[in-house]
Amino acid sequence: MRIITLLTDFGLKDGNAAILKGIILQISPNAQIVDISHVIQPQNILEAALILFHAGIHFPPDTIHIIVVDPGVGTMRRPIAAKIGTQYFVCPDNGVLTMFLNRADDKKDIQCIHLTNSQYWLPEISHVFHGRDIFAPVAAHISMGIKLKELGKPVFDLINIDIPTPQKSLNAIRGMILHIDHFGNIITNISKSHLEEIDRAKLLIKICGIELKGLFNTFGDSCNGEIIALLGSPNYLMVSMVNGNAARTLGGTVGQPVEVFY
Amino acid sequence: MRIITLLTDFGLKDGNAAILKGIILQISPNAQIVDISHVIQPQNILEAALILFHAGIHFPPDTIHIIVVDPGVGTMRRPIAAKIGTQYFVCPDNGVLTMFLNRADDKKDIQCIHLTNSQYWLPEISHVFHGRDIFAPVAAHISMGIKLKELGKPVFDLINIDIPTPQKSLNAIRGMILHIDHFGNIITNISKSHLEEIDRAKLLIKICGIELKGLFNTFGDSCNGEIIALLGSPNYLMVSMVNGNAARTLGGTVGQPVEVFY
Amino acid sequence: MRIITLLTDFGLKDGNAAILKGIILQISPNAQIVDISHVIQPQNILEAALILFHAGIHFPPDTIHIIVVDPGVGTMRRPIAAKIGTQYFVCPDNGVLTMFLNRADDKKDIQCIHLTNSQYWLPEISHVFHGRDIFAPVAAHISMGIKLKELGKPVFDLINIDIPTPQKSLNAIRGMILHIDHFGNIITNISKSHLEEIDRAKLLIKICGIELKGLFNTFGDSCNGEIIALLGSPNYLMVSMVNGNAARTLGGTVGQPVEVFY
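1. Focus on the sheet that holds strand S3 (residues 64-68) of chain A
Neighbouring strands of a sheet are bound in pairs by backbone hydrogen bonds; such pairs are parallel or else antiparallel. Residues and elements named next belong to chain A. Spatial strand order, S2-S1-S3-S5-S4-S6-S7: 7 strands in an open sheet with mixed pairing. Pairing within the sheet leaves two strands with one partner each, and these edge strands are strand S2 (32-37) and strand S7 (152-154). Between one strand and the next, the sheet's axes are offset by a mean angle of 20 degrees, whatever the strand orientation. In this structure, strand S6 (residues 110-115) lies alongside S7, joined through 3 bridges in antiparallel fashion. Its bridge partner being in S7, leucine 115 is matched across the sheet by glycine 152. Contacts from helix H1 (residues 16-27) reach strand S1 (3-8), S2 and S3 within the one sheet, and its direction differs from that of S1 by about 155 degrees. The sheet contacts of helix H4 (residues 130-143) involve S1, S3, strand S4 (79-84), strand S5 (87-92) and S6, and relative to S3 the element is tilted by about 175 degrees.

Shown next as structure tokens:
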């Protein structure tokens, strides 16, 4: 039983994720299908890349991830399949794999295919819904044992998107807000590794016009309504409101600057 | 392993779809359960009928679809099970199957049963939640091999709802907006078949007070923010905003008229 | 194939429920995973307790329920696993099991363990995401046959939350609004059992500044837009608007009083 995950911007109303599942189950009746998210902001490739990486790393070897956040559907952008490390990906070539590609230590761990063999697609291909017509059937065929090389031609020039990285100076790190989560936690691109060998109790964090001193371990270490900084679940510097919504309270949005002085 | 799909207006918060799943798995432990949608607008049978058809046709033979959009629950409206072509349906008799019934070429492909045999229901039947008490257990029993004829009495007079169809004149087709999808695409009831033998480049489309000329192939063929017309994924004339929300921008809502001149 | 359910306040966007699923499937590849809800109001333990009970009772024996509504994550609050009757629960010790504990007739039907054996956790434990680090792997190990007693030390003093109960006087029952569901139905804490031996046709219900007379059987027994009282699906007194949203119309919110005179 192979796992196939779905990550899309389809929303929850229209049944489009279910269409992918119906097609997968026609080809691969025992596939174990898992939803990662269907409420990626429409056409937001960066958000999809972050959430894919955040969740994808927790799946078993041989998992196949389908990602359909696809503003270029029907244009010249390439449909691709890839194996990166132990996992498989089927998606448009638009940068959504950037974080997995960056993590691969060795180029030998990366195999990418431009999907050109229409034998593994639906018989009729629309201009507007390649998730249904190409990505779902290809992923299902991979789960049934079809090799990547059967699916098309090797490619070595996948598109990468810019994942913003923080700048370090003598006494400060300057980064930005990368993501606002469901709880309103403000997640920055400053990671635990940037803060190593630094006295965390003495940090001064400037974000959204306020200043915060030091890092807390967890939410319950402070009082309801207080704004605190801590290391979040994927080890990024995060600003939260205890039992509240920090992003709404502070007006934090993706892309705003954050500075850490030490 | 039989597939059972769920399409409801239950929403996502209250755990009611999970109740159906718990009951199904008690009776049919190996059922493969797939959600189509749980955010149908409350009591909107037309929306449920459209999404059921749009998604349902992509599922394998012998799939069992449970549909619970049921404003008449607890009244005289009949609970039914049906086989239409190769697929099964368990739902209230309120018109939600209209599009599948319309598609069946041959009345011989349709078998309908008024669910009267309470042996396949939960022991206690409420007035307000037949999804739990009747539809889920009946679908689970079908997945375990119970024949439709065991479940009740044949019926031949299922309720149909009016699926609005466009009117064609000498130089125009007059239709309406059928659905607004998650992306804000405006989907009309004018299909590809209505536009055959017509020069698509010369079409003039009037909708929401604006005029659009010609059909595009796909979103990426135009610029961000532009409003375009194209054929959508189930081959209906669709009006979209490239990387934007056409319905919100134009004020489009279900039922508004659309005219195509050629 | 063991069933594992998930009930969280994670929301649907960030992929955090999928992280739990990836970890479960690494340990227990054939687990049947069912979502109960991921849109519990953040940190609302009472809401989680109600929805867990409402849905959980419909699952088969040996189902394992993971509940992650966890404002105390990373503090001294205990992570626990429990068997209550025929079902298993893995969650923080914060009262979310109260309704299941209350229902257990016999203390012998309850077995609770403080999770202290880190052998069944992820290798690294964060301060902010025990759903991923502790609860998901522990539930997966239970599904693979690990006994509760292997997981830690027995405890007998689980935290209970106050589930508000109505007060009965000579001619009235005074309760409160317990839950507003997706349809806007107003669900009170006055149950069918409180109304036994009472003439339901003569009831007078005061709620949100209005008065309602008698109970209806179901929605379709009245006209569109009318406000009615009836017994809801888990047999609680419920106030609904036929094909409308009663809570929005009446301004009903959780905690407001309701009075029933007889």
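2. Here's the deal with the interface of chain B and chain A
Contacts between the two partners involve 33 residues from chain B and, on the opposite side, 29 residues from chain A. Of all residues in chain B, the largest losses of buried area upon contact with chain A belong to B:His58, B:His182 and B:Phe183, amounting jointly to 25% of the total for that side. Linking chain B to chain A there are 13 residue pairs in polar contact (both at pLDDT 80 or more). When residues of the side of chain B that touches chain A are traced back to their parent elements, those giving at least two are strand S2 (32-37), helix H2 (45-56), strand S9 (172-180) and strand S13 (227-231) of chain B. It is S2(B) that contributes the most residues to the side of chain B that touches chain A, 5 residues altogether.

3. A closer look at the relation of the copies chain B and chain A
With an axial shift of 0.0 Å and an RMSD of 0.0 Å, the rotation relating chain B to chain A amounts to 120 degrees. A rotation of that kind, with that shift, is consistent with a three-fold axis. Among all residues of chain B, the one whose C-alpha sits closest to the rotation axis is B:Gln32, at a distance of 5.3 Å. Interface overlap between copies: only 3% of the residues of chain B at the interface are likewise at the interface in chain A, consistent with a contact formed by different surfaces.

4. Quick notes on the relation of the copies chain A and chain C
In the superposition of chain A on chain C (RMSD 0.0 Å, axial shift 0.0 Å), the rotation amounts to 120 degrees. In this assembly, only 3% of the residues forming the interface of chain A have copies in chain C that are likewise at the interface, indicating a heterologous arrangement.

5. Some words on a nonpolar patch on the surface
On the surface, A:Leu12, B:Leu12 and C:Leu12 cluster together into a nonpolar patch covering about 190 Å² of accessible area. Mapped onto the elements, A:Leu12 comes out in the loop between S1 and H1.

6. Some details on the interface of chain A and chain C
Residue-level contacts link 33 residues of chain A with 29 residues of chain C. In total, about 2,500 Å² of surface goes out of reach between chain A and chain C, with carbon and sulfur atoms giving 59% of it. In terms of surface lost to chain C, no three residues of chain A exceed A:His58, A:His182 and A:Phe183, which account for 25% of the buried area on that side. The interface formed by chain A and chain C contains 0 salt bridges. Across the contact surface, chain A and chain C share 12 residue pairs in polar contact (both at pLDDT 80 or more). Elements that contribute at least two residues to the side of chain A that touches chain C include exactly S2, helix H2 (45-56), strand S9 (172-180) and strand S13 (227-231) of chain A. The greatest single-element share of the side of chain A that touches chain C, amounting to 5 residues, is contributed by S2(A). A per-class count over the side of chain A that touches chain C returns 16 nonpolar, 12 polar and 5 charged.

7. Notes on the packing of helix H1 (residues 16-27) of chain C against helix H4 (residues 130-143) of chain C
Two packed helices can be described by the angle between their axes and the distance between those axes. Residues and elements named next belong to chain C. For the pair H1 and H4, the least separation of the axes is 9 Å and the interaxial angle reads 40 degrees. Considering their axes alone, H1 and H4 lie oblique with respect to each other. In this structure, H1 crosses over H4, and the sense of that crossing is right-handed. Contacts between H1 and H4 involve Ile19, Leu20, Ile23, Ile24 and Ile27 on the former and, on the latter, Gly131, Arg132, Ala136, Pro137, Ala140 and His141.

8. Comments concerning the packing of aromatic side chains
The full count for this structure, using the stated rule, is 9 aromatic pairs over all chains. Here the aromatic rings of B:Phe53 and B:Phe100 are separated by 5.1 Å at their centres, their planes lie at 70 degrees, and the arrangement is edge-to-face. Taken as a pair, B:Phe53 in helix H2 and B:Phe100 in helix H3 (residues 98-103) lie far apart in primary sequence, 47 residues in all. Neither B:Phe53 nor B:Phe100 differs from the other in exposure class; each is buried. The interplanar angle of 50 degrees and the centroid separation of 4.8 Å between the aromatic rings of C:Phe89 and C:Phe100 together place this pair among those described as tilted. One end of the pair, C:Phe89, is in strand S5 (residues 87-92); the other, C:Phe100, is in helix H3 (residues 98-103), and 11 residues separate them in sequence.

9. Notes on the pattern of salt bridges
Residue and element names in this part refer to chain A. Inspection of every chain in the model, using the stated rule, returns 27 salt bridges over all chains. In this structure, aspartate 35 engages lysine 21 in a salt bridge whose closest nitrogen and oxygen atoms are separated by 2.9 Å. A residue pair is termed long-range when its members are at least 10 positions apart, and aspartate 35 in strand S2 and lysine 21 in helix H1 qualify at 14 residues. Through salt bridges that share partners, Arg78, Asp93 and Asp157 make up one connected network.

10. Quick notes on the sheet that holds strand S4 (residues 79-84) of chain B
Taken in spatial order, the 7 strands make up an open sheet running S2-S1-S3-S5-S4-S6-S7 (chain B), and their pairing is mixed. Strands at the two margins of the open sheet, each flanked by one partner only, are S2 and strand S7 (152-154) of chain B. Each strand axis lies, on average, 20 degrees off the axis of its neighbour in the sheet, ignoring direction. Direction of pairing for S4(B) relative to strand S5 (residues 87-92) of chain B: antiparallel, over a ladder of 6 bridges. Looking at the pairing, B:Pro79 lines up with B:Pro92 of S5(B). Sitting on the sheet, H1(A) is in contact with strand S1 (3-8) and S2 of chain B, with an inclination near 150 degrees to S2(B).

11. A word on the side chain of A:Asn185
Residues and elements named next belong to chain A. Mapped onto the elements of the fold, asparagine 185 is located in the loop between S9 and strand S10 (186-191). Using a relative accessible area of 7% as the deciding quantity, one classes asparagine 185 as buried. A distance of 2.9 Å separates polar atoms of two side chains, one belonging to asparagine 185 and the other to aspartate 181.

Criteria and thresholds
- Residues numbered from 1 in each chain as written.
- Chains lettered and ligands numbered in written order.
- Predicted model: local features only at pLDDT ≥ 70, side-chain atom pairs only at ≥ 80, totals over all residues.
- Heavy atoms only, no water.
- Pairing = 2+ DSSP bridges.
- Helix = DSSP H or I, 4+ residues; strand = E, 2+ residues; numbered from the N terminus.
- Axes fitted to C-alpha atoms, helices over the stretch in contact; angles between N-to-C directions.
- Contact = heavy atoms within 4.5 Å.
- Buried area = accessible area lost by both parts, 1.4 Å probe.
- Polar contact = N/O pair within 3.5 Å; in protein donor to acceptor, adjacent residues only side chain to side chain.
- Least-squares fit on C-alpha atoms with pLDDT ≥ 70 in both.
- Patch = residues over 30% accessible without salt bridge, like charges linked within 9 Å, V, L, I, M, F, W, Y side chains within 5 Å.
- Areas by Shrake-Rupley, 256 points an atom, 1.4 Å probe, with all protein chains shown as cover.
- Salt bridge = Lys/Arg side-chain N within 4 Å of Asp/Glu carboxyl O.
- Nonpolar A, V, L, I, M, F, W, Y, C, P; charged D, E, K, R; others polar.
- Parallel < 35°, antiparallel > 145°, perpendicular 65-115°, else oblique.
- Left-handed = near helix turned anticlockwise from the far one by under 90°.
- Phe/Tyr/Trp six-rings, centres within 6.5 Å; stacked < 30°, edge-to-face > 60°.
- Buried < 20%, exposed > 50% of the residue type's maximum accessible area, 1.4 Å probe, protein only.

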